[in-house]
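The primary structure of each chain is shown beneath.
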Amino acid sequence: MTDSLEQLSASGRALLNRRDYLSQSATALGGIALSSLLHEQGLLAATPSTPHINPAQPYAPRDSHFPARAKNVVVIFCAGAVSQLETWDYKPQLIEWDDKPLPGGPAVTFQGPAGNLARPQYNFRQRGETGKWVSDMIPHLAELTDDIAFIHSLTSKSNTHGPAENFLSTGFVLDGFPSLGSWVTYALGSESQNLPAYVAIPDPRGVPQNGSNNWGPGFLPAAFQGTTFSSKEPVRHLTAAGTTPRQDAATRRLLDQMNARHLATHPGDEKLAARIASYELAARMQLSMPGLSDLSTEPQHILSMYGADDTENADKAAFARNCILARRLIEQGVRFVQLFNGAYASGGKLNWDGHSALKDQYDVHAAILDQPAAALIRDLRQRGLLEETLVVWCTEFGRMPFFQKGAKGRDHNPDGFTCWLTGAGVRPGVSHGATDDFGQRAITEIHPLYDFNATILHLLGLDHERLTFEHNGIQRRLTNVEGHVIHEVLRT
Amino acid sequence: MFLTSRTILVAGWAIMISHCALLAAAESPDFVRDVRPILQKHCYSCHAAEKQKSGYRLDIKAAAFRGGELYGASLKPGDLAASPLFQFIADPNADLQMPPDGERLSTAEIETLKRWIEGGANWPDGVDLATLEDRTDHWSFHPVKRAELPSVGQTAWPRNEIDHFILSRLEAAGLEPSAETDRVSWLRRVYLNLIGLPPTPEQVAAFVDDTRPDAYARVVDELLQSPRYGERWAQHWLDVVRYADTHGFEVNTERPNAWPYRDYVIRALNNDTPYDRFIREQIVGDALGVDAATGFLITASVLLPGQIGKDEPSKRLARQDSIDEIVVNVGQTFLGLSVGCARCHDHKFDPISQRDYYAMQALVAGVEYEERVPDTPEVRAIREAAATDQKRLAVVDAELAQYVPLAGSGATRPMINARQNVDRFAPREAQRLKLTILATNNLEPCIDELEIFNTSGENIALASRGAKVTSSGDNVSPNRHELRFLNDGEYGNSRSWMSNEMGRGWVTVELAEPQMIQRVHWGRDRQGKFTDRLAIDYRLEVSSSDGSWHDVATAADREPYAPNAPKSQVTTLEGLTDEERSIAAPLLAERELLQKQIQAAEQLPRYFAGQFRTPDDIHLLSRGDPEQPKERAIPAVLSTFGTVNLTSEAGDRERRVALADWIANPGHPLTARVMVNRIWQGHFGVGLVETASDFGRSGMPASHPELHDWLADEFVQSGWSIKELHRRIVLSATYRQSSAYRETPAQQDADVRLLWRFPPRRLDAEILRDSMLATSGQLDLTMYGRGFDLFNQRGGLSGFTPVEHFTGQGLRRMIYAHKVRRERDAVFGAFDCPDAGQSTARRRESTTPLQALNLLNSGFTLDCAAALQSRVIREVGADPADQIRRAYQLVLNRDPVDEELADCLVVVQEHDLTVLCRALYNSNEALFLP
């Protein structure tokens, strides 16, 4: 953790160590006194917790609020709103009521007039020991249901993709709030000092519908922004184009000399030392990142397991390579990996926004998602990484039980949809909450997405009410003033 | 009296409940002994000091009686039915059931409360365990108080008033101010700070040699006069108002005419527009002749119509969100208050009720996120000219109508059109004229007016001139279609004749006396609204007094009728006599010119500065939910801070004027304080109040309250001059201190809040980029207008590929970049550039390895390094030592010391100068304010 200081002059090293020590010990001592005081008053839960960020090492690992069940997170984010009715939320009533109007249903939904109820577009069958009904659209993921905790009763605050993806990713429908990954890395730093703490991997077909706001730092320091790269697109500016390694090395040497001399004439300023350290971190990233995307070192059976060698389906193979990249990042100790499946608005062609021809489009999307994502979870498990990694599968909202008038697709439905968790700390084989008989509205154990995010933080040892950041007079949280941990999906 | 009899009645029932109750029944329950324990047990977890759900607390007498947000007074002594509190706990049919979950009150407990209320709800004064804090008693809510200058020990140190305040605090803390910084460091500091660009080596040399006593002041005046000043400081303002050139949210499409607001801010700062005026212009600039300024109101992200659900709740929510953004922006920008917190509930800390919040909404509820044509002198001139052109065009058209080719002359005549058709022929004597319609485009033909002109140009077909009309048969709609309307002199469908036969019919006009005629005008609808029922084949015949009929015109030589063809125009002089040509030709030319001018006037400039209309009816919303409206909100300002006289009927502009007047009032406790603090923050990195957009009770107190108030007062006294404020700050001894670290004061005040030195800080992203362009000789100083691109797209869905190499427009200052909301520039975004999602009152300075990668390896840096190399060689020639010196002077404003020169020489000789340039652009010295 401190070996990046080796490059610094003695005075710089001393400076960083001293400042670090002072502030940490001050926090620690003050913390003890304060927490015991608060404990007596029963106020501990509401106390904000401000992570101590060492400016020279913004990604240094930091303590959670309480012992964490999960160390790292992979979020599989399906952009465009996956239909719960074609995947995880089996509604046999829809078969009976196929092509009949929904009694008392709305006349107009997001895109316009509502048509008749429509049966699930895939067959469902029971899976595993729990006998969970899952559709044939996703046969590989369906095999994992015994390990999954489903939450079938989620609700969103918006029925529009942008605000709803904002809400899922940041807890607010408006633009400009910090994303989940930013909050997590702000709180916990990362186990890896050679890689970014937070990586967002866009779908090979393009950026998700809500673009970079899904991994933006909002008003948190820029250090906690998600870094984007994928098996297709390397990190920008990792190397210089048009210079030779000799020139690069000479530049670095000269820069080191300049900065060392400057630091010597400006003793005591930690910001200067921090910038010097950041160049050292950058150099390490330059060394460690290129190898990450080089999949030639993966054995054939792994490539086949993910479908990365699928020559028939280039999008699937590319998504599979992203999944392997995600596993490698987790192996390296990266704290938060956001893996996108589904690109921008395209009439449902490039993402899960199945308004008009849902079945035809979902056949395409499911083939890309299913095998690679299932392989990622299996691979994490076989390497023992699932013991400490939380895997989240999510989408911004669900879809209506009826088709849109004159179409063969379903409109936006924020009132009842499914996301799930698996891996570290998650109770396996649970189906929590339910929608009504047609899958339109959550009716039991209703959970706004606040609760979902509060639960994710909880698994990481973070109290969503204490993880705050002051912005324009408000102690902001991921969960605004809401949020309850869904204890039913936690391993006891 | 009557209370007693009730108490007795109740007492009878209470016997059945418990012995305890029986005892108590003899007298009304005692609040402290009997009532409060019940409230503590069941209510205080949600309605006391810690939480006040629905804005209600029950642990303080005044608050308990006043009630919460939803139901008004909650306790009425002696009246159970009028005491919602009792209804909620006792009546299973009441709107609310309290407590909402957990144990219900026992029958005995309910009974006690019942008797207590019936007995007059006696709550003695002075028994409350908590005291209601006076939320209006907060430093920033009190009037600004100008303090005397504090006395100081080191009387020689202060250069102006600021220094007295700073020094007296330092002395009180036992700290010494730092020594004066050297002239070059000060110069570099003040250049980067005021204009965002470093001084040139020549400017450095001139200042170092300037021994005049006012040399410093001269520099400051020069910089404040520079247009570069506004370009730098506008950025601070744009951060706060979250300005961007795209609409935000997932579609994030271009907002093409947002930039006039950015330019307005630059101009306003450069002109030193008084701050109170600056406020007014941004709220109600449409009334002040400064249209671009109201772009302020609608800088937020907004959902475009296509992104909003077709269902009504979606539309209501979207509108609420967009009005909320205006209120939030006004509150935090000008007042430093988080007014938006009161959208769902009364503000948790500040004296802002939900009612206040919706009253504020009502002030701006007439604002739409739309473009409008500005009401500038230029636009007015263009519009006036266009109106004149339009009138003249009508005259020209009428005149030209006389010069269509003669019927039957062999020339092709214009196509029939619905407005008006002209048939010219050689003058001929006529007693009667007959128009026979042979075909229509559809239905029965309709003619709004038939005019016959004699050789003197008079219409003699008019009934008023004695002409009489007959027809083949009429479709009559009284007062709309009648035969008499054919020659009544009035145009339009509602004064027209209609035949009673499909596709045909005829009319004749009998003149009062035979006359020489030469022209006939007829049309379907000269007002241009109707194009159906149009005669597209016809014959015009004339009979002289001898009774014989002769054709004078038919449709045969007209251009064939085609309904979608462009409007038929007179474009030919064919078939005209020489004399006619000499008149018609210049008219034709004029016509063409007029049409061009009119077309150009339709392309008026548009600003994304709001459309203003009748305000929406705003209601209080339960929990901020548009589906749960409560009573109507009357437009008003925050009640703690003033009042305005507005009714619900007040128009949009009247409301915004009231809002602006209230904020820009010199007596407003927050307005000047908030702004002087923003300016101070821009100079020292942190404001006197650290929470620049929160002056409320959860914000930080000022580090130097007296100085803060003194500056606020002085600011108003100076006529709200921002430049005066800058001048005072940068010419102070405080600002002139060295930034060198010192151990002793650092131990006491590590964050330099007492300003024992000038606090060094990393330069903002814009300064970095602009400075690299300036020192490498590439900076394009073109001001204003549409922004240049940082990405390959100006907005949209499918992701943004950054521009890697910049040329042309891309070499302008970064404030002129097309600002894509939510996307940070690929190189400088990592240096804490806001993304314009939420307001940024202060940029948090962070240090990341991605900054290092960007600044080392980006095309931008390499291009600047190459350009700097070329510039240096061009300026000093081939000697490597001279080159190194020049590069140092340009980038760091100093010469290299001998060791540096030696280090650099080795590198430059082994590689080239770009290695040095690239290193210089990455060096800490270049990146920090000295």
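Quick caveat, the model's predicted, so the values are computed rather than measured.

Cut-offs and rules
- Here, residues in each chain are numbered from 1, in the same order as that chain's written sequence.
- Chains carry letters and ligands carry numbers; both start at the beginning, A for chains and 1 for ligands, and go up in the order they are written.
- pLDDT decides what is reported in this predicted model: residues at 70 or higher carry local features, side-chain atom pairs at 80 or more are listed and counted, and totals for whole chains, interfaces and linings draw on all residues regardless.
- Labels follow the DSSP assignment, with helices taken as runs of H or I lasting at least four residues and strands as runs of E lasting at least two, numbered in each case from the N terminus.
- Residue burial here comes from a neighbour count, namely the number of other C-beta atoms, placed from the backbone, that lie within 10 Å of the residue's own C-beta, with 20 or more meaning buried, 12 or fewer meaning exposed, and in between meaning partly exposed.
- C-beta atoms are placed from the backbone for every residue, and two residues are taken to be in contact when these atoms lie within 7 Å.
- Throughout, the ten residues Ala, Val, Leu, Ile, Met, Phe, Trp, Tyr, Cys and Pro are labelled nonpolar, Asp, Glu, Lys and Arg are labelled charged, and all others, Gly among them, are labelled polar.
- Marked domain ranges trace back to an automatic or database domain assignment.
- Should DSSP find at least two bridges between two strands, the strands are taken to pair.

J.: Residues and numbers for the overall build of chain B, please.
T.: In terms of regular secondary structure, chain B is built from 29 helices and 14 strands. Projected onto its principal axes, the C-alpha positions of chain B cover 120 × 110 × 50 Å. Per-residue burial for chain B yields a buried fraction of 48% across its 930 residues. Counting only contacts in chain B whose residues sit at least 6 apart along the sequence, the fraction spanning at least 24 positions is 71%.

J.: Describe in detail the interface of chain A and chain B, supporting the description with residues and values.
T.: Between chain A and chain B, the residue contacts involve 68 residues of the former and 70 residues of the latter. Counting only elements with at least two residues in the side of chain A that touches chain B, the list comes to β2 (108–109), α4 (161–170), α6 (245–265) and α7 (270–292) of chain A. If you tally residues by element for the side of chain A that touches chain B, the top one is α6 of chain A, at ten residues. In terms of residue class, the side of chain A that touches chain B is built from 30 nonpolar, 31 polar and seven charged.

J.: A description of the domain arrangement of chain B should follow, citing residues and the corresponding values.
T.: Each domain of chain B was delimited in the assignment, giving domain 1 (2–118), domain 2 (273–372 + 610–665), domain 3 (404–575) and domain 4 (762–929). A C-alpha centroid distance of 39 Å is found between domain 1 of chain B and domain 2 of chain B.

J.: Any chance you could break down the sheet that holds strand β12 (residues 410–413) of chain A for me, citing the residues and the numbers?
T.: Residue and element names in this part refer to chain A. The strand order β2-β3-β11-β12 describes an open sheet built from four strands, whose pairing is antiparallel. If you trace the sheet from one side to the other, it starts and ends with β2 and β12, each paired once. The pairing of strand β3 (residues 112–117) with strand β11 (residues 398–404) spans two bridges and is antiparallel. Note that in β11 the partner of Ala-114 across the bridge is Gln-404.

J.: If you had to explain the environment of Glu-743 of chain B to someone new, which residues and values would you point to?
T.: Within the secondary structure, Glu-743 of chain B is located in helix α22 (residues 743–748). Here the alpha-carbon distance between Glu-743 of chain B and Arg-533 of chain B, two residues 210 residues apart in the chain, equals 95 Å.

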